[in-house]
Amino acid sequence: MMTEPKIAIRRFQGNEGDALFEAARESFAEISPWMSWLNENYTLEMARNWVQSRDTAWSNNESYDFAITDEDDRFLGVVGLNALDFISNRANLGYWVRTSCAGRGIVTLASRQLIDLAFSDEPPFEARLHRLEILVAVPNAKSHRVAKKLNAVHEGVLRARLWPDGHPQDAVMYSVLKTDAR
């Protein structure tokens with residue numbers, strides 16, 4: 001029986017651009033097909049700038065991004081909410097983990113922590129969200145497994161919904177509601 005990893009999610013710290021870059025480059029082959037930001041032109045400066053921009057994105061309610069860390073505070077990946085819509089009380093849930101940590105349930109645990117936080121009364125959420133959506137490219141089997149482990153409901157296939165590599169891909173829409181059993 002596999003032991004559940006000890007992980008945490010926390011806000012990004014200003015000096016984590018190097019760790020983000022290292023994890024992203026390590027995981028290029030596995031995650032670049034699904035994430036347009038990770039391409040051959042991705043640089044350390046881009047990673048640093050993105051980390052530095054997280055506080056502003058948070059303050060502007062544009063996205064809430066969290067570093068996934070282990071018990072030694074080693075950077076493992078990212079989980080976050082974006083496409084926030086407080087009129088409809090929904091957001092998009094996204095996640096990835098570095099390749100050397102894949103297959104251990106880390107993304108599922110981190111996503112569960114974020115789901116609980118997103119539906120809580122804690123700032124910045126203050127019980128404003130009711131629905132989280134997970135969009136997964138049809139061929140992305142690993143991300144489908146995570147959504148299923150989160151007990152997200154498969155709602156259907158959206159045609160040509162994602163363009164991660166500049167070409168349209170169909171995507172499955174999953175959802176988690178605040179009222180769903182978790």
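Conventions and cut-offs
Every chain's residues receive numbers from 1 upward, in the order its sequence appears when written. It should be noted that, the model being predicted, local features are given only for residues of pLDDT at least 70 and side-chain atom pairs only at 80 or more, the latter also being counted only at that level, while totals for whole chains, interfaces and linings use all residues. Values reported for side chains reflect all heavy atoms of the structure, with hydrogen atoms and water molecules removed beforehand. What makes a patch is a set of residues exposed beyond 30% relative accessible area and free of salt bridges, joined within 9 Å when like-charged and within 5 Å when nonpolar (Val, Leu, Ile, Met, Phe, Trp, Tyr). Working definition of accessibility: Shrake-Rupley area with a 1.4 Å probe, residue cover restricted to the visible protein chains. What counts as a salt bridge is simple: a side-chain nitrogen of Lys or Arg found within 4 Å of a carboxyl oxygen of Asp or Glu. In this tally, Lys and Arg are treated as positive and Asp and Glu as negative; His is ignored, and so are the chain termini. Lysine's charge is taken at NZ, arginine's at CZ, aspartate's at CG and glutamate's at CD. Counting from the N terminus, the helices are DSSP H or I runs at least four residues long and the strands are E runs at least two residues long. Buried residues are those whose accessible area, probed at 1.4 Å on protein chains only, stays under 20% of the maximum for their type, while exposed residues exceed 50% and partly exposed ones sit between those limits. Directions pointing from the helix axis toward each C-beta atom define the arc. Here, two residues are considered to be in contact whenever any of their heavy atoms come within 4.5 Å of each other. Strands pair, by our definition, only if DSSP identifies at least two bridges between them. Under the rule applied, a polar contact is a pair of N or O atoms within 3.5 Å (in protein, one hydrogen donor and one hydrogen acceptor; residues adjacent in sequence only if both atoms are side-chain atoms). Whether two aromatic rings pair depends on their centres lying within 6.5 Å, for rings of Phe, Tyr and Trp, where Trp uses its six-membered ring; planes under 30 degrees apart make the pair stacked, over 60 edge-to-face, and the rest tilted. Every axis in this analysis is a line fitted to C-alpha atoms, fitted for helices over the stretch in contact. Angles between the N-to-C directions lie between 0 and 180 degrees.

### Considering a positive patch on the surface
- Side chains of Arg 112, Lys 142, Arg 145, Lys 148 and Lys 149 sit close together on the surface and give a patch of like positive charge.
- In terms of residue count, the dominant contributor to the positive patch is helix 6 (residues 141–149) (4 residues).

### Let's talk about helix 6
- All of the buried residues along helix 6 are Ser 143, His 144, Val 146 and Ala 147. Looking down the long axis of helix 6, one finds its buried residues gathered within 160 degrees of arc, a one-sided arrangement. Facing away from the buried side of helix 6 by over 90 degrees, the exposed positions are Lys 142 and Lys 148.
- Its buried side turned inward, helix 6 meets strand 4 (90–97), helix 5 (106–118), strand 5 (131–137) and strand 7 (169–177).
- Taken from the residues just after helix 6, Asn 151 is the one with a positive phi, measuring 60 degrees.

### Some words on the pairing of strand 3 (residues 75–85)
- Counted residue by residue, strand 3 has 9 buried out of 11 residues, so it is predominantly covered.
- Where strand 2 (residues 64–70) meets strand 3, 6 bridges bridge the pair, whose relative direction is antiparallel. Pairing of Tyr 64 across the sheet is with Leu 81, part of strand 3.
- Between strand 2 and strand 3, which follow one another and run antiparallel, lie 4 residues, and Asp 73 among them has a positive phi close to 65 degrees.
- With 7 bridges connecting them, strand 3 and strand 4 associate as antiparallel partners. Counted as the bridge partner of Val 78 is Trp 96 from strand 4.

### Some words on the pattern of salt bridges
- For the structure shown, the criterion picks out 12 salt bridges.
- Taken together, the shared-partner salt bridges connect Asp 85, Arg 90, Arg 131, Glu 133 and Glu 155 into one network.

### Here we look at the side chain of Ser 175
- Note on placement: Ser 175 falls in strand 7.
- Judged by relative accessible area, Ser 175 falls into the buried class, the value being 3%.
- A polar side-chain atom of Ser 175 sits 2.7 Å from a polar atom in the side chain of Glu 155.
- When residues no more than four places from it in sequence are discounted, the contact partners of Ser 175 are Arg 131, Leu 132, Glu 133, Ala 152, Val 153, Glu 155 and Asp 180.

### A closer look at the packing of aromatic side chains
- According to the stated counting rule, one finds 8 aromatic pairs in the structure shown.
- Consider the rings of Phe 12 and Phe 75, whose centres lie 6.0 Å apart with planes at 50 degrees: the pair is tilted. Here the residue Phe 12 occupies a position in the loop between strand 1 (7–11) and helix 1 (17–26), and Phe 75 occupies one in strand 3, the gap between them amounting to 63 residues. For the pair Phe 12 and Phe 75, a shared accessibility class is recorded, and that class is buried.
- Considering the side-chain rings of Trp 58 and Phe 66, the 5.3 Å spacing of their centres and the 70 degrees angle between planes classify their relative orientation as edge-to-face.

### Thoughts on the sheet that holds strand 7
- Reading across the sheet, the 7 strands line up as 1-2-3-4-5-7-6 and stay open at both edges, with mixed pairing between neighbours. Edge positions in the open sheet fall to strand 1 and strand 6 (153–162), since each of these has one partner strand only. In this sheet, adjacent strand axes meet at a mean angle of 30 degrees when their direction is disregarded.
- Sheet analysis places strand 5 next to strand 7, joined by 7 bridges and oriented antiparallel. Residue pairing across strands places Ile 134 opposite Tyr 174, the latter belonging to strand 7.
- Together, strand 3 and strand 4 form the strand contacts of helix 1, whose direction differs from that of strand 3 by roughly 100 degrees.

### Things to note about unusual backbone geometry
- Looking along the chain, the bond that leaves Pro 123 and enters Pro 124 is cis, with omega of 5 degrees.
- You can see Pro 124 is positioned in the loop between helix 5 and strand 5.
- A positive phi is found at Asn 89, a non-glycine position, where the angle reads about 55 degrees.
- Note on placement: Asn 89 falls in the loop between strand 3 and strand 4.
- On the accessibility criterion, Asn 89 (29% relative accessible area) is partly exposed.
- For Ala 127, which is not glycine, the phi dihedral falls at a positive 60 degrees.

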